[in-house]
Amino acid sequence: MNPSRKALSVRERKIPLDGSPVSYLYGVDCAAQLAEAFSTHLGAMDSLLLVVDSRVTAHAEPIGRALADLAAVTTFTVEASEGHKTFSLVERILERAVAMGATRRTVVVGMGGGMVGNVAGLAAALLMRGIRLVHLPTTPVAAFDSVLSVKQAVNLRGGKNLCGTYHAPSLIGCDLRWLSTVPHDEMLTGLAEMVKNMLAVLPQQRLTLERALHRLPEEPMQSLLSLLELGLSAKIPYLDEDPREKRAALIFEYGHTMGHAIEFVSAGVVNHGAAVAWGMLVAAEVSRELGHLSDCEVDDHYRTVSLLRLPPATAGPGRLAHDQLRSVLARDNKRGYLRCRPGEVPMVLLKALGTPVTDGNGQPLTAVPIELILSALDRVVARDEAAEVDHARLDRAVSR
């Protein structure tokens, strides 16, 4: 740790994951303290398999050295991309674990973004029918959202997150300094999940979210701390009630039906955060079309999502073929929660900010025709194109 930096004392929140409280430790410049916490929170271990995103090896190396004082450490480096989020990668991780002599006292440590957390989590769930898992998230998507779950999954050729299981981590730790090294544009799109939490769960936290986003360039650590605690506040009550996210906690799938399809069909060119952001706008348009959201509430979606400074729709979802999106939407992993007619998929919609449309069993799902979802995407793209034209006109007028 740089001696010129003063570490924020490590904070701890207990996260209810699959019926047990799991410690989430976080702070600033606290990597050394996080490594020390392994022994106090995990107890006996004879080896660690450190699964690391290749882009964060600079963060991982000091953690690996510190952990080597506790147990033998083997590092498995991952090229993090949607194309690599496959069962074949999980199999390679498992083979490495066996080759290093893994036992039931081995701990799998996932260090990186959401993709790394998922492949490490699935490997930990499968090895010897389940060994301990630690998440060390280094991106906002992972730190504020994906590690707050017991869902571990990879993609199949037919769609996103179609192969997986449930496996709770034994410990989560995040040094917010790791997140500050994410490029600013990726940081903003990565905060789409926090926008989702505000729109779908905590609309009363709008000012907290907007203040943190505006202050992010000048006060990154304090802003990230506020955003992390916003994520925890949104998810903890739902995880306590619905730890496997099959009932009320399905609300966190808001924006993900079209979002996952965009991400998958684009082969990750549109990253997860940006895809979910576009997916929320599509969900808002569908909600308005079905008479649930007002024009004002839909405009709130566009205004809030604009804070993420997404690339133009023509460079992302506007370039994707409807037939490919239609095929992936038809295999969405929420199928089966709700009875749907042919050509319909379950989708999370809102009837007001913070209030989902529910089915007869209280689940926040609605059967929506795929063609209606695709036409909503067309409206989102058209509105974005019109806004780009207006901005270009304004720029030309200012320059005269």
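Chemist: Residues and numbers for the packing of helix α9 (residues 206–215) against helix α10 (residues 220–241), please.
Modeler: Packing of α9 against α10 leaves a shortest axis separation of 8 Å and a crossing angle of 150°. Comparing the axis directions of α9 and α10 gives the class roughly antiparallel. Between α9 and α10 the crossing geometry is left-handed. Across the interface between the two elements, L209, A212 and R215 from α9 touch P220, S223, S226, L227 and L230 from α10. Taken together, the residues that form the contact of α9 with α10 break down as five nonpolar, two polar and one charged.

Chemist: Can you tell me about the confidence of the model for the chain, naming the residues and giving the values?
Modeler: When pLDDT is averaged across the chain, the result is 93; 95% of the residues are at 70 or more. pLDDT under 50 marks residues 1–7. Its contacts with residues more than four places away, or in other chains, come to eight contacts.

Chemist: Quick rundown of the side chain of H272? Include the residues and the values.
Modeler: Of note, H272 is situated in helix α12 (residues 272–289). By relative accessible area, which is 18% here, H272 ends up buried. In terms of polar contacts, H272 uses its side chain to reach the side chain of E193, at 2.8 Å. Non-local contacts of H272, meaning those with residues more than four positions away in its chain, are made with V141, K160, E193, H256, H260 and E263.

Chemist: I'd love a proper account of the pattern of salt bridges, names of residues and values included.
Modeler: Scanning all chains against the criterion turns up 24 salt bridges. In this structure, D145 and K196 form a salt bridge, with 3.4 Å as the shortest nitrogen-oxygen distance. Of this pair, D145 sits in helix α5 (residues 140–146) while K196 sits in helix α8 (residues 192–200), and the two are 51 residues apart along the sequence. An identical accessibility class is assigned to D145 and K196; each is buried. In this structure, K235 and D145 form a salt bridge, with 3.7 Å as the shortest nitrogen-oxygen distance. In this pair, K235 is assigned in helix α10 and D145 in helix α5, connecting sequence segments 90 residues apart. The same class applies to K235 and to D145, which are both buried.

Chemist: Tell me about the pairing of strand β2 (residues 20–27), and name the residues and values.
Modeler: In terms of residue burial, β2 counts as a mostly covered element, since six of its eight residues are buried. Between strand β1 (residues 11–17) and β2, which pair antiparallel in sequence order, lie two residues; one of them, D18, sits at a positive phi of approximately 60°. As judged from the four bridges shared by β2 and strand β9 (residues 171–175), these two strands associate in the parallel manner. Counterpart to Y26 in the pairing with β9 is C174.

Chemist: Would you mind going over the packing of aromatic side chains in detail, with residue names and values included?
Modeler: Applying the stated criterion to the full structure yields two aromatic pairs. On the numbers, 5.8 Å between centres and 85° between planes, the contact of Y24 with Y26 is edge-to-face. Per residue, the accessibility class of Y24 equals that of Y26, and both read buried. For the ring pair Y238 and F252, a centre distance of 5.2 Å and an interplane angle of 85° mean the geometry is edge-to-face. Of the two residues, Y238 sits in helix α10 while F252 sits in the loop between α10 and α11 (256–265), which places them 14 residues apart along the sequence. Given a relative accessible area of 22%, Y238 falls into the partly exposed group. Sitting over the ring of Y302, R383 keeps its end group 3.7 Å from the ring centre.

What counts, and where the lines are drawn
Residues numbered from 1 in each chain as written. Predicted model: local features only at pLDDT ≥ 70, side-chain atom pairs only at ≥ 80, totals over all residues. Heavy atoms only, no water. Axes fitted to C-alpha atoms, helices over the stretch in contact; angles between N-to-C directions. Helix = DSSP H or I, 4+ residues; strand = E, 2+ residues; numbered from the N terminus. Parallel < 35°, antiparallel > 145°, perpendicular 65-115°, else oblique. Left-handed = near helix turned anticlockwise from the far one by under 90°. Contact = heavy atoms within 4.5 Å. Nonpolar A, V, L, I, M, F, W, Y, C, P; charged D, E, K, R; others polar. pLDDT = per-residue confidence, 0-100. Buried < 20%, exposed > 50% of the residue type's maximum accessible area, 1.4 Å probe, protein only. Polar contact = N/O pair within 3.5 Å; in protein donor to acceptor, adjacent residues only side chain to side chain. Salt bridge = Lys/Arg side-chain N within 4 Å of Asp/Glu carboxyl O. Pairing = 2+ DSSP bridges. Phe/Tyr/Trp six-rings, centres within 6.5 Å; stacked < 30°, edge-to-face > 60°. Lys NZ or Arg CZ within 6 Å of the ring centre and 35° of its normal.

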